[in-house]
2 protein chains.
Amino acid sequence: MLTRTALSLALGALMSLSAWAQEAVPAPEVANFTLDNGLEVVVIPDRRAPIVTHMVWYKIGSADEPAGKSGIAHFLEHLMFKGTEKHPAGEMDSVIAEIGGYTNAFTSKDVTVYHQTVPPDYLDEMMDFEADRMRGLVLPEEVIAAERDVILEERNQRIEGSPQALLGEETAATLYQNHPYRIPTIGWMHEMEQLSREDALDFYHRFYAPNNAVLVVAGDVEPEAVRKLAEETYGKVERGPDLPPRVRPAEPRYDTARTVTLSDPRVGVPSFSTAWVTPSYRMAEPGEAEALDLLAEILGGGSRSRFYQEIVVKTGIASGVGASYDGGAYDPGSFTLYGMPQGERTLEEVQEAVSREVTRLIEDGVTAEELDAAKMRFVRGLIFARDEQSNMANIYGSRLANGGTVADISEWPDRIRAVTPEQVQAVAAKYLDPKIAVTGYLLPSENGAQ
Amino acid sequence: MLTRTALSLALGALMSLSAWAQEAVPAPEVANFTLDNGLEVVVIPDRRAPIVTHMVWYKIGSADEPAGKSGIAHFLEHLMFKGTEKHPAGEMDSVIAEIGGYTNAFTSKDVTVYHQTVPPDYLDEMMDFEADRMRGLVLPEEVIAAERDVILEERNQRIEGSPQALLGEETAATLYQNHPYRIPTIGWMHEMEQLSREDALDFYHRFYAPNNAVLVVAGDVEPEAVRKLAEETYGKVERGPDLPPRVRPAEPRYDTARTVTLSDPRVGVPSFSTAWVTPSYRMAEPGEAEALDLLAEILGGGSRSRFYQEIVVKTGIASGVGASYDGGAYDPGSFTLYGMPQGERTLEEVQEAVSREVTRLIEDGVTAEELDAAKMRFVRGLIFARDEQSNMANIYGSRLANGGTVADISEWPDRIRAVTPEQVQAVAAKYLDPKIAVTGYLLPSENGAQ
């Protein structure tokens, strides 16, 4: 149980990046329909192996938590394994273990996801389990304190013991000035300690319902057979009340550059990461999110990137340097540059070299050849990534749970190909403004703070 | 109207500082009682002039606003002048203007306050006005858009046009990682633009009631006469529903030092301010808030302070330098150090000199003589301050509206006198930790950002 739960947040954090790095051509023939009770269903046939990935994506994450209740989405994810009237705690785990399957769950800012990988014959049983706990959670008071200890221990291990993770939390709390993306998904320790059965049940009854979820089934299955099974299981779950539009507090205009510095004796090599809030795919102007993905690829997407070639290979200033764009969020995502010095070189030298490359790109743009190569690399990355069934299920689940459509996914490679050099230069100039950058510094203790 | 409203937030911001700098010995003979409907009343006799200060303090401020509705407390403060069934908009203003009185209102993080200064004969009429609008606001839809334009213009003038104010906003949003003190009282522009009549009425009906207010009357009045008048006016206002405990999201532990930098061509001399979240009087361990007040006095409370003597007079590094403690908040307050260079000296030199003084105090403490002198100066400041009737009314109103008692105020000078040198050193060591400081920089544009 601890192994599963310790992983759940990590997976949630990885998902938004991986989900957008994995689409490829041609898109599979995906079936997409909605049950009468509002449950949206996606079936992705994949016959290469006799397994099926079954996922329920709730459109609810830590950014939807009530003020002062941080961590409740993730705590509820844990409590969802505590049994219903029909299936006592542990039953699902033993059934899945017996058939050599795998089950887990994860929570992110925007979604909470439960999933199993099993032989296709057991799909109906997985559906029965998930449909049952969609509304039927019992949650006896006696499990609360023990499971709260589990999430507190999870925070101790994953956050409190890691300078990098602590810095990440406080950098997010600085980057986002108003939006709840500022609050850690696992929760602030002092709020987690107070989470109660009532908090969990309030959250559960409000947000867990077929009309607030997406079912994703990928694997060796027929869409019509899946529809029939879904109707027999999920179809019997009563629709929940309509939820109000999902509007979280938005960010104000930014006027300042901010830094967040953590100095710790456990840090060996200093490093920095500079981030900006940027639109996500869902909210971006047409073409901007795609251009941001390619900008990250060109600047720092791997060994062919400008950062790597200039700052690692040619000048040897950095031992690591990169750029990434997180465009998969429901609300504003972020664009990040990062680096660490090599040998005797200083962090300041790395930062200056990175700034120089950004300025050069903003001033001189990118060449058509460079952009074509970046598109190629990007799409090649997707082809490799989609080779795993669970990745494909993740792509569809995250996109649909975050307000997108199947068409968004199938049209995406063409949209990437349509990006022009001018668009890449334009998003760099528009978003990578040093006057409003937020930079996190992870320093060895002897550097001191400020 | 614009004059009044333009002042209202500024007063709110000043209040928490001034309120705690104004108590003196001996305390006046204050009457304190509660009406049947829950309205707490404080009467402070002051017979030096034939005037009376009449204030209604609602225990509701911008830190109590729903997520995404920043500015609604202040917007409602404006709308409270838009008339009731009994008294149409403008009537109160004309009556008060005619008798040579004065009326205004202000909103802070914790309170919303309406007040008048008038000849004592008109006290009953003021009570009638305030009691009437406590529950009787009409708020026609046609006033909303125009008054929203007024608060937007207020934001434009006071915040958008001022680098200092913009920096202040983003520094607060960085200093507080979880608590709503991070959000500006006037509101974020994009949220203010969306505030509606419904938002205002929801807030009004929820929070405006006799059992969520404190009435303060200071001046040439008899407590028993005030009680009778209050019963005849406010006493007829129906009690509102009991409000849940006033618990806002609390701050997490801090692990990082943070900076917020604004560079602007309008800035002449660079400056910095370094802040820490500290307990307020309401929440501090016994003696800590008093020790923080004296620490601010010793470090940077005026021309006799260490900062001034060392950094301005002796070394001539700074043209201005100081320290302040804001202990009047309902939830955590803050402790701030600030400075700006003189002539050709640099901001870094000022910061280093300030850090040196802080370190010296933490390491070597303060002498008994120095502390006694600081206590004397502090108490002398209070005696001058309390000489104004409205200041005294502010002291009582802010303390009682923020969960304190009349005894807290009368005992306060003795608590200041009881502070030991060890306590001052201890709070400095405990709270002024550079590893978790938040520093705002206001720089001329040529210094650039980062």
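Keep in mind that this is a model prediction, so the values were computed, not measured. (Residues numbered from 1 in each chain as written. Chains lettered and ligands numbered in written order. Predicted model: local features only at pLDDT ≥ 70, side-chain atom pairs only at ≥ 80, totals over all residues.)

Participant: I tried to follow the overall build of chain A on my own but got confused; where do I start?
Facilitator: Each helix and strand in chain A was counted, giving 16 helices and 11 strands. In terms of principal-axis extent, the alpha carbons of chain A reach across some 65 × 50 × 40 Å. Looking at chain A as a whole, 51% of its 450 residues are labelled buried. The contacts of chain A with a sequence gap of at least 6 include a subset with a gap of at least 24, amounting to 82%. (Helix = DSSP H or I, 4+ residues; strand = E, 2+ residues; numbered from the N terminus. Buried ≥ 20, exposed ≤ 12 C-beta atoms within 10 Å, placed from the backbone. Contact = placed C-beta atoms within 7 Å.)

Participant: How should I be thinking about the sheet that holds strand β5 (residues 112-118) of chain B in this particular structure?
Facilitator: All names here are of chain B. Reading across from one edge, β1-β2-β6-β3-β5-β4 is the order of the six strands in this open sheet, with mixed pairing throughout. Here the strands that pair on one side only, and so sit at the sheet edges, are β1 (31-34) and β4 (102-107). Strand after strand, the sheet turns through a mean of 15° between neighbouring axes, direction not considered. Looking at chain direction, β1 and strand β2 (residues 40-45) are connected through four bridges and run antiparallel. Bridging from a neighbouring strand, Phe33 pairs with Val41 of β2. (Pairing = 2+ DSSP bridges. Axes fitted to C-alpha atoms, helices over the stretch in contact; angles between N-to-C directions.)

Participant: Looking at this model, I keep getting lost on the domain arrangement of chain A. Mind explaining?
Facilitator: Where interface size is quoted, it is often the accessible area lost as the parts come together. Residues and elements named next belong to chain A. Under the domain assignment, chain A is made up of domain 1 (2-236) and domain 2 (258-447). Opposite the 43 residues of domain 1 that make contact, domain 2 presents 45 residues. At the level of secondary structure, the elements contributing two or more residues to the side of domain 1 that touches domain 2 comprise α1 (2-19), β2 (40-45), β3 (52-58), β5 (112-118), α6 (163-175) and β6 (213-219). Across the side of domain 1 that touches domain 2, the residue classes tally to 25 nonpolar, 11 polar and seven charged. (Domains from an automatic or database assignment. Nonpolar A, V, L, I, M, F, W, Y, C, P; charged D, E, K, R; others polar.)

Participant: How should I be thinking about helix α11 (residues 306-314) of chain B in this particular structure?
Facilitator: Helical periodicity: at 3.6 residues per turn, an α-helix aligns residues three or four positions apart in one direction. Residues and elements named next belong to chain B. Residues of α11 that are buried include every one of Arg306, Phe307, Ile311 and Val312, and no others. Mapping the buried residues of α11 onto a view down its axis gives an arc of 160°, with all of them on the same face. For α11, exposure combined with an orientation more than 90 degrees from the buried face picks out Val313 and Lys314. Contacts from the buried residues of α11 go to α10 (288-300), β9 (318-326), β10 (333-341) and α12 (347-364). (Arc of directions from axis to C-beta.)

Participant: It is not clear to me how the pairing of β2(A) should be interpreted in this structure. Could you clarify?
Facilitator: For a regular strand, side chains alternate in direction, first toward one face of the sheet and then toward the other. Residue and element names in this part refer to chain A. The turn joining strand β1 (residues 31-34) and β2, which pair antiparallel and follow one another in sequence, is formed by five residues; a positive phi near 100° is taken by Gly38. Looking at chain direction, β2 and β6 are connected through six bridges and run parallel. When the sheet's bridge partners are listed, Glu40 is paired in β6 with Val214.

Participant: Before we go on, may I ask you to explain the sheet that holds strand β11 (residues 438-444) of chain A in this structure?
Facilitator: Each strand in a sheet pairs with its neighbour through backbone hydrogen bonds, running either in the same direction (parallel) or in the opposite one (antiparallel). What the 10 strands build is an open sheet, ordered β9(A)-β10(A)-β8(A)-β11(A)-β7(A)-β7(B)-β11(B)-β8(B)-β10(B)-β9(B); its pairing is mixed. Edge positions in the open sheet fall to β9 (318-326) of chain A together with β9 of chain B, since each of these has one partner strand only. Each neighbouring strand pair of the sheet contributes to a mean axis angle of 15°, computed without reference to strand direction. With five bridges connecting them, strand β7 (residues 257-264) of chain A and strand β7 (residues 257-264) of chain B associate as antiparallel partners. Paired with Val260(A) across the strands is Arg258(B), a residue of β7(B). Against the sheet, α11(B) engages β9 and β10 of chain B, with an angle of about 165° to β9(B).

Participant: Just to check I follow, could you spell out the relation of the copies chain A and chain B for this structure?
Facilitator: Each of the two copies of the chain can be brought onto the other by a rotation about an axis and a shift along it. After a rotation of 180° and a shift along the axis of 0.0 Å, chain A superposes on chain B with an RMSD of 0.0 Å. Here the transformation between the copies is reduced to the relation of a two-fold axis. A symmetric contact is evident, with 100% of the interface residues of chain A recurring at the interface of chain B. (Least-squares fit on C-alpha atoms with pLDDT ≥ 70 in both.)

Participant: Any chance you could explain the interface of chain A and chain B here in plain terms?
Facilitator: Listed per partner, the contact involves 32 residues of chain A and 32 residues of chain B. Secondary structure elements with two or more residues in the side of chain A that touches chain B: α6, α7 (189-192) and β7 of chain A. For the side of chain A that touches chain B, the element with the highest residue contribution is β7(A), accounting for seven residues. Looking at the side of chain A that touches chain B, its residues break down into 17 nonpolar, 11 polar and four charged.

Participant: Looking at this model, I keep getting lost on helix α12 (residues 347-364) of chain A. Mind explaining?
Facilitator: Residues and elements named next belong to chain A. For α12, with 18 residues, the first-to-last C-alpha span of 26 Å sits near the 26 Å given by 1.5 Å per residue. When α12 is considered as a whole, its buried residues turn out to be Leu347, Val350, Gln351, Ala353, Val354, Glu357, Val358 and Leu361. Looking straight down α12, one finds its buried side chains confined to an arc of 165°; they lie on one side. For α12, exposure combined with an orientation more than 90 degrees from the buried face picks out Glu348, Arg356, Arg360, Glu363 and Asp364. Of the surrounding elements, those touching the buried residues of α12 are β8 (271-278), α10 (288-300), α11 (306-314), β9, β10 (333-341) and α16 (421-431). One or two steps after α12, the chain reaches Gly365, where phi turns positive at roughly 75°. (Expected span 1.5 Å × (residues − 1).)

Participant: Help me out: how do you make sense of the pairing of strand β11 (residues 438-444) of chain B in this one?
Facilitator: Residue and element names in this part refer to chain B. Burial within β11 is extensive, with six of its seven residues counted as buried. Direction of pairing for β7 relative to β11: parallel, over a ladder of seven bridges. In the sheet register, Leu262 faces β11, and the bridge partner there is Leu442. Here strand β8 (residues 271-278) runs beside β11; their pairing, made up of five bridges, is antiparallel. The residue of β11 that forms the bridge with Ser271 is Leu442.

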